[in-house]
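Reading the structure
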Amino acid sequence: MTRGRKPSAGVRAYTVGGLAATAVVVALVVRHGALVSPSGAAASTVADVDPGVTSAGRPKLLRPRVAPRPTLGKEAEARVAPEEARVDASPPPPTATTDPKVWTYAVVATYPHDSTAFTQGLAYQSPDTLLESTGSVGGRSTVRRVDLKTGEVLRRESLASEFFAEGLTTLPPGSVEGLEKDRSVSAQIAWKKNAGFLYDAETLERLGEFTTPLRDGWGVTTDPDSENGLIITDASDALTFVEIGAPGEQWRESKKVTVRDGDRTIRFMNELETVRGEVWGNIIETECVVRVDPKTGAVLGWIDLTGIKARVDPAPRRGDVMNGIAYDEAADRVFVTGKKWSALFEV
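The following refers to the structure shown. (Residues numbered from 1 in each chain as written. Predicted model: local features only at pLDDT ≥ 70, side-chain atom pairs only at ≥ 80, totals over all residues. Heavy atoms only, no water.)

**Brief notes about the pairing of strand E12 (residues 119–125)**
Most of E12 sits inside the fold, with seven of its seven residues counted as buried. Pairing of E12 with strand E13 (residues 129–134), which is carried by six bridges, proceeds in the antiparallel orientation. Counted as the bridge partner of leucine 122 is glutamate 132 from E13. Linking E12 back to E13 in an antiparallel pair, the connection comprises three residues, with aspartate 128 at a positive phi of about 50°. (Buried < 20%, exposed > 50% of the residue type's maximum accessible area, 1.4 Å probe, protein only. Helix = DSSP H or I, 4+ residues; strand = E, 2+ residues; numbered from the N terminus. Pairing = 2+ DSSP bridges.)

Below, the structure is given as structure tokens:
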């Protein structure tokens, strides 16, 4: 969950026509129209759509309905173009005034991941290192540095047993009052508490604590429009904007924005990441990521990652759901994983 840049040209995307499903709250709603991603993965690394994504080899979409969890049925099937679509001259990126589009995905690379890690937060750190927050399932909550390519846990620190760790992000340089401006600092929040923890992102040395204005913490990421701002979620439909302060203080809420897809509010944004000026959120217990304009809360699009869990071997348990998004801004790479998954995917 690091700061992101605006979309760049010259990337590749997949064009999908027919019905396009838009997730609403914890349900998917179909919208008519072309499915075009104007800002996909890097041009040099996008692979062909993997035939293992679904049993039919193509993303399957729902008819409009409301369900307690998004599921994919056989009612409608998108057609995937056999060739990749260059988007140098594509339509502009989505805005708050355009209908949300639904994007599919391609797996670019697969990396090993600690299958005991109950992933709650994920952030990329150059070169090829991940910072990860894990919840206290099978042991205490942790913060850890992980080698991307090997999955090896390079360093870890545990939290007190009273805390269940949630989201994690790397803060903008020099944003924490009272700490060295050239020190890389990460922030971690906790579930059902307003507690936050600060770490040296290189050594995981505990640098202090802070409190948030929320009584619960789910996801956290940086505000792409502020040099000293965070965005935090709980179980509600709001993005809560918080000003970064000093260790030992309560960090002040600056505003709230309601997340909306049209006239419907969207709850349960769990793990967060700032990507190309947008806020991406994993909708809890689904293989679905929502893309949000942080200025307005408007849903810009949805990423249907159906089938990504099925690629993990050995298969995760039913409750070990997708959770974890990280963005490498320099190389324009996106990574996803899940709770106790043995694999992490670049998509």
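**Some remarks on the sheet that holds E12**
Taken together, four strands build an open sheet; the order of strands is E12-E13-E14-E15 and the sheet is antiparallel. For this open sheet the edge positions go to E12 and strand E15 (153–158), each flanked by a neighbour on one side alone. Taken pair by pair, the neighbouring strands of this sheet meet at an average axis angle of 15°, ignoring direction. (Axes fitted to C-alpha atoms, helices over the stretch in contact; angles between N-to-C directions.)

**Section: the nonpolar core**
In this structure, Val289, Leu305, Ile308, Phe345 and Val347 are the most contacted members of the largest nonpolar core, which totals 19 residues. No other element matches strand E30 (residues 322–328), which puts three residues into this core. Excluding its chain neighbours within four sequence positions, the residues that come into contact with leucine 305 are Tyr105, Glu287, Val289, Met322 and Val336. (Core = buried A, V, L, I, M, F, W, Y, C linked by side-chain atoms within 4.5 Å. Contact = heavy atoms within 4.5 Å.)

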